[in-house]
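# Architecture and fold: a report
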Amino acid sequence: MIEEQDIVNAICLFQAKNKSVLPEQVEVELCYEDDEGFFAEVFVNNDKIIMNTFDMTQALRMWIEEQLHRDPYATGIKLLLDDEQGIIAALV
């Protein structure tokens, strides 16, 4: 399992790399809506970026490779909504 804070960290690192800023300059709010599914609202330099499930998965794959030193494509990633833990990711 990948906990909610690690998902946020992955998105921060992903956007920092894409926008050439420090990860600390990236703000992330994870969201889930019945109609939309999972997405993240990301703020970088006063710009709002919406990341869909695919984008979030790409960020997690980068994080798995760079932080866990594992093959990011060796397993599937499924986002889940947990009543106690919030938004988490399962490696399936």
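First, a word on what this report is: a plain description of the structure on this page. Source: prediction; values computed, not measured.

On to the pairing of strand E3 (residues 47-52). Bridging between strand E2 (residues 37-44) and E3 involves 6 bridges; their strand directions are antiparallel. If you follow Phe43 over to E3, its bridge partner there is Lys48. Linkage of E2 to E3, two consecutive antiparallel strands, is achieved through a turn of 2 residues, within which Asn45 is found at a positive phi near 50 degrees.

Assignment of secondary structure puts Glu41 in strand E2. Using a relative accessible area of 19% as the deciding quantity, one classes Glu41 as buried. Discounting chain neighbours no more than four positions away, the residues touching Glu41 are Glu27, Val28, Glu29, Cys31, Lys48, Ile49 and Ile50.

What counts and how
- Residues numbered from 1 in each chain as written.
- Predicted model: local features only at pLDDT ≥ 70, side-chain atom pairs only at ≥ 80, totals over all residues.
- Heavy atoms only, no water.
- Pairing = 2+ DSSP bridges.
- Helix = DSSP H or I, 4+ residues; strand = E, 2+ residues; numbered from the N terminus.
- Buried < 20%, exposed > 50% of the residue type's maximum accessible area, 1.4 Å probe, protein only.
- Contact = heavy atoms within 4.5 Å.

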